[in-house]
Amino acid sequence: MQKRFSPCLLLLLAIFAGTLISCKKDNKLSIEEERKNNITATWKVKDVTLAYAINFAGQPLPVGFSLYNVAPLLPVSGPKLVCAKEATFTFNSNYSYAITGCTDLIFPGAGQSGSWSLSLNGGIFKLGNEPYMTVATRGNEWTLSNKVLILEADPNRGGAYVPVNIILEK
């Protein structure tokens with residue numbers, strides 16, 4: 001009986017030791033770290049779409065309507081919108097950014113460089129001192145909400161702020 005007990009005990013000890021060695025601590029990143037890693041890249045504007053339905057020149061425009069469809073009808077805001085689509089946005093892992101191109105319509109006050117940060121588990125993206133809410137991140141797309149000043153929307157009052165979704169693409 002002594003001989004049978006020893007091999008069984010040794011086998012159980014070997015299995016237990018193997019289990020302990022194979023169990024590694026999970027080094028999962030926080031949601032904010034995952035978003036930081038996803039944001040750290042160079043982005044371009046893919047689209048700027050309406051976040052709410054609005055009327056434009058008597059026509060109802062639905063949620064998701066691309067402002068690029070009406071850019072030619074906007075003599076002041078249209079060229080700024082087109083220029084923003086040609087801009088590149090580089091967000092570095094040290095929380096600095098550099099922008100090449102126009103930002104005064106979609107990210108007013110951002111300038112050409114500065115710092116960025118995240119808060120609320122990465123749901124709020126701060127570019128300089130301005131917060132923008134992350135609406136969605138899917139693969140190489142990142143959607144932020146903002147209000148843009150469209151001067152032609154209410155020209156007698158200096159324009160109107162239109163809620164939009166800015167869709168960036170890596």
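Everything discussed here concerns the structure shown above.
We now turn to the structure provided with this report. The model shown is predicted, which means the values in this text are computed figures rather than measured ones.

In this structure the tally under the stated criterion is one disulfide. Through a disulfide, Cys83 is tied to Cys102; the S-S separation comes to 1.7 Å. Judged by the sign of its S-S torsion, about 65 degrees, the cystine formed by Cys83 and Cys102 is right-handed. Highlighted residues: Cys83 in helix α3 (residues 77-85) and Cys102 in the loop between β5 (96-100) and β6 (113-119), separated in sequence by 19 residues.

Following the criterion strictly, the structure yields three salt bridges and no others. Residues Lys80 and Asp104 are paired through a salt bridge, measuring 3.8 Å at the closest nitrogen-oxygen approach. Placement of Lys80 in helix α3 and of Asp104 in the loop between β5 and β6 is noted, with a sequence separation of 24 residues between them. The class for Asp104 is partly exposed, based on a relative accessible area of 43%.

According to the stated counting rule, one finds 10 aromatic pairs in the structure shown. An angle of 75 degrees between the planes, with centres 6.2 Å apart, marks the rings of Phe91 and Trp116 as edge-to-face. Residue Phe91 is located in strand β4 (residues 88-91), and its partner Trp116 is located in strand β6; the two are separated by 25 residues in the primary sequence. Pair check on accessibility: Phe91 and Trp116 agree, each one buried.

With that out of the way, let us pick up the side chain of Thr49. Its location among the elements puts Thr49 in strand β1 (residues 41-50). Thr49 has contacts with Gly64, Phe65, Ser66, Pro163, Val164, Asn165 and Ile167, leaving out every residue within four places of it along the chain.

Looking now at the pairing of strand β10 (residues 160-169). Along β10, seven of the 10 residues are buried, which leaves the element largely enclosed by surrounding structure. Where β1 meets β10, six bridges bridge the pair, whose relative direction is antiparallel. Along β10, the bridge assignment pairs Asp47 with Ile167. Direction of pairing for strand β9 (residues 141-150) relative to β10: antiparallel, over a ladder of 10 bridges. Pairing of Val148 across the sheet is with Val162, part of β10.

Scoring rules and cut-offs
- Residues numbered from 1 in each chain as written.
- Predicted model: local features only at pLDDT ≥ 70, side-chain atom pairs only at ≥ 80, totals over all residues.
- Heavy atoms only, no water.
- Disulfide = S-S within 2.5 Å.
- Helix = DSSP H or I, 4+ residues; strand = E, 2+ residues; numbered from the N terminus.
- Salt bridge = Lys/Arg side-chain N within 4 Å of Asp/Glu carboxyl O.
- Buried < 20%, exposed > 50% of the residue type's maximum accessible area, 1.4 Å probe, protein only.
- Phe/Tyr/Trp six-rings, centres within 6.5 Å; stacked < 30°, edge-to-face > 60°.
- Contact = heavy atoms within 4.5 Å.
- Pairing = 2+ DSSP bridges.

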